[in-house]
Amino acid sequence: MEKIILTGDRPTGRLHLGHYVGSLRRRVELQNSGEYDKIYVMIADAQALTDNADNPEKIRQNIIEVALDYLSVGIDPAKTTIFIQSAVPELTELAFYYMNLVTVSRVQRNPTVKTEIKMRNFEASIPVGFFCYPVSQASDITAFRATTVPVGEDQAPMIELTREIVGRFNNIYGPTLVEPDILLPENAASMRLPGIDGKAKMSKSLGNCIYISDSKKEVEKKVKSMYTDPLHLSVDDPGHLEGNCPFIYLDAFSTPDHFARYSDSYASLDEMKAHYTRGGLGDGTVKKFLMKVLDETLAPIRERRAYWEQHIPEIYDILRQGCATARAAAAATLDDVRRAMRINYFDDDALINEQVKRFTNK
Ligand code: TRP
């Protein structure tokens, strides 16, 4: 069986470091590993519209922001098909058939949907389209016969639902769809990068983000303001690591190489943590080191972004081509689905004869 990746993002804003360690970095590694036959990365505009119906302009503006973020982090259109969800209408048709295989109560139990409903104050009036987006996500994944879906843990319930839909579909209509596996980030810090205020998760609505496209200056300013240990009042006090942003960011970003390059005092993050915990290491020093690590990570990304910002029409060409490639793949799956469901009336040679017999031998 082919190894195929599909993943994507809603174009509701620029992507931030949470997206980077939670998914983008891994995508680029997988892309360059040569282990996958096909890789699709989708800008999920139709899904973004499920809770932004009154603001399509926001989605329209952010498609290029997300595409720029993709190209900047190293997603390579020669290896990865980047496309826009709404340009593949086959996905919508598939979702309509899948909706019959999922119960309302099943979606109501989806913890990610539950949280989102609360966050958006949708309790009293949930748009039907929003409620159905987990089902539409199952079409995104299965339309491309994805075997692997690299996403953050908040997306786990969607992959689980997709596997259920695949199971039910294949059971009713015969083996047709591929069951995908989720691929989660390597460590807890990457799974759930906190915002610079130490709040649970980096998120645009909380205003606690470092964006992939932030300048070196902006990043430094944000690192300086990062939440650390409120009890660590003087350098000599023993410090606490729990909820301490700079250390969590180092968990997510630093490598032993960084210590070799930028630190005379420590060979590893563990040594640095040990010094902090026993006292004698100031937050400023930790933050300075983090700035170096982040700058090393972000400098090549900024460079690529500066290039692509001068080549915007080319990006739309990449997207147009990606959409054509994606559409062909999804259409082939939809053909299989229609055949399996026996709703392929006009290319089913047996159908006419079957009906002729039915009515002539009365
Ligand atoms: N729900 C994802 C998010 O909010 C975006 C998305 C849509 C997606 N369809 C997908 C992710 C299919 C993985 C696979 O980030």
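Everything numeric here is computed off the predicted structure, so don't read it as measured data.

Analysis parameters
- Residues numbered from 1 in each chain as written.
- Predicted model: local features only at pLDDT ≥ 70, side-chain atom pairs only at ≥ 80, totals over all residues.
- Heavy atoms only, no water.
- Domains from an automatic or database assignment.
- Contact = heavy atoms within 4.5 Å.
- Buried area = accessible area lost by both parts, 1.4 Å probe.
- Salt bridge = Lys/Arg side-chain N within 4 Å of Asp/Glu carboxyl O.
- Polar contact = N/O pair within 3.5 Å; in protein donor to acceptor, adjacent residues only side chain to side chain.
- Helix = DSSP H or I, 4+ residues; strand = E, 2+ residues; numbered from the N terminus.
- Expected span 1.5 Å × (residues − 1).
- Buried < 20%, exposed > 50% of the residue type's maximum accessible area, 1.4 Å probe, protein only.
- Right-handed = clockwise from strand over helix to strand, strands pointing away.
- Axes fitted to C-alpha atoms, helices over the stretch in contact; angles between N-to-C directions.
- Parallel < 35°, antiparallel > 145°, perpendicular 65-115°, else oblique.
- Left-handed = near helix turned anticlockwise from the far one by under 90°.
- Near = heavy atom within 4 Å.
- Areas by Shrake-Rupley, 256 points an atom, 1.4 Å probe, with all protein chains shown as cover.
- Nonpolar A, V, L, I, M, F, W, Y, C, P; charged D, E, K, R; others polar.
- Phe/Tyr/Trp six-rings, centres within 6.5 Å; stacked < 30°, edge-to-face > 60°.
- Pairing = 2+ DSSP bridges.
- Core = buried A, V, L, I, M, F, W, Y, C linked by side-chain atoms within 4.5 Å.

Section: the domain arrangement of the chain
Split by domain assignment, the chain resolves into domain 1 (4–192 + 312–352) and domain 2 (216–308). Domain 1 and domain 2 are separated by 34 Å when their C-alpha centres are compared. Between domain 1 and domain 2, the residue contacts involve 18 residues of the former and 13 residues of the latter. Buried surface at the junction of domain 1 and domain 2, summed over both partners, amounts to about 1300 Å²; 63% is from carbon and sulfur atoms. Interface area lost by domain 1 to domain 2 is led by Leu17, Ser72 and Ala189, which between them contribute 37%. There are two salt bridges connecting domain 1 and domain 2. Arg305 serves as the salt-bridge partner of Asp69, at 2.7 Å between the closest nitrogen and oxygen. Viewed at the interface, domain 2 and domain 1 are joined by five residue pairs in polar contact (both at pLDDT 80 or more).

Description of helix 16 (residues 312–341)
Look at helix 16: 42 Å from first C-alpha to last across 30 residues, which is about the 44 Å you get at 1.5 Å a residue. Those residues of helix 16 that fall on the buried side of the exposure criterion are Ile315, Ile318, Leu319, Gly322, Cys323, Ala326, Ala330, Thr333, Leu334, Val337, Ala340 and Met341. In the segment just after helix 16, Arg342 is the residue with positive phi, at about 60°.

Considerations on helix 12 (residues 245–253)
Most of helix 12 is tucked away: eight of the nine residues are buried. Residues of helix 12 that are buried include every one of Cys245, Pro246, Phe247, Ile248, Tyr249, Leu250, Ala252 and Phe253, and no others. Contact partners of the buried residues in helix 12: helix 1 (17–33), helix 10 (188–191), helix 13 (256–262), helix 14 (269–278) and helix 15 (283–309).

What about the pairing of strand 2 (residues 38–43)?
Among the six residues in strand 2, five count as buried, and that is most of the element. Handedness of the crossover is the feature at issue here: the chain leaves strand 1 (residues 4–9), passes through helix 1, returns alongside strand 2, and the resulting connection is right-handed.

So, the environment of Leu177
In this fold, Leu177 is placed in the loop between helix 9 (156–173) and strand 5 (181–183). Sequence separation between Leu177 and Asn121 is 56 residues, and the spatial gap between their C-alpha atoms is 35 Å. Residues contacting Leu177, with those up to four places away along its chain left out, are Tyr98, Thr142, Val166, Phe169, Asn170, Thr333 and Val337.

What to know about the packing of helix 4 (residues 90–98) against helix 8 (residues 133–143)
Viewed as axis vectors pointing N to C, helix 4 and helix 8 meet at an angle of 120°, and their least axial separation amounts to 8 Å. Considering their axes alone, helix 4 and helix 8 lie oblique with respect to each other. Handedness of the crossing formed by helix 4 with helix 8: right-handed. The segment helix 4 lies against helix 8, with Leu91, Leu94, Ala95 and Tyr98 engaging Val135, Ser136, Ala138, Ser139, Asp140, Thr142 and Ala143.

Looking at the site of the ligand
The environment of the ligand is formed by 13 residues, the closest being Arg10, Gln47, Gln137, Asp140 and Gln155. Between a nitrogen atom of the ligand and a side-chain N or O atom of Gln47, the distance comes to 2.7 Å. Interatomic distance of 2.8 Å between a side-chain N/O atom of Asp140 and a nitrogen atom of the ligand. In isolation the ligand exposes 370 Å². Once the protein is present, 90% of that is buried. If you list the elements that add at least two residues to the shell around the ligand, you get strand 1 and helix 8. Considered class by class, the residues forming the shell around the ligand number six nonpolar, five polar and two charged.

Things to note about the packing of aromatic side chains
The full count for this structure, using the stated rule, is 11 aromatic pairs. Considering the side-chain rings of Phe169 and Tyr173, the 4.6 Å spacing of their centres and the 55° angle between planes classify their relative orientation as tilted. One end of the pair is Phe169 and the other is Tyr173, both in helix 9 and four residues apart, which spans about a single turn. With relative accessibility at 27%, the residue Tyr173 sits in the partly exposed group.

Regarding the pairing of strand 3 (residues 81–84)
Of the two faces of strand 3, the one carrying Thr81 and Phe83 and the one carrying Ile82 and Ile84 are both buried. Strand direction decides the pairing type here: strand 2 and strand 3, joined by four bridges, are parallel. When the sheet's bridge partners are listed, Tyr40 is paired in strand 3 with Thr81.

A look at the nonpolar core
Leu17, Phe83, Tyr249 and Phe253 are the most contacted members of the largest nonpolar core, which has 92 residues in total. Counting only domains with at least three residues in this core, you end up with domain 1 (4–192 + 312–352) and domain 2 (216–308). Leave out the neighbours within four places in its chain, and Tyr249 touches Leu17, Leu193, Pro194, Gly195, Ile196, Met202, Ile210, Met226, Ser254 and Leu290.

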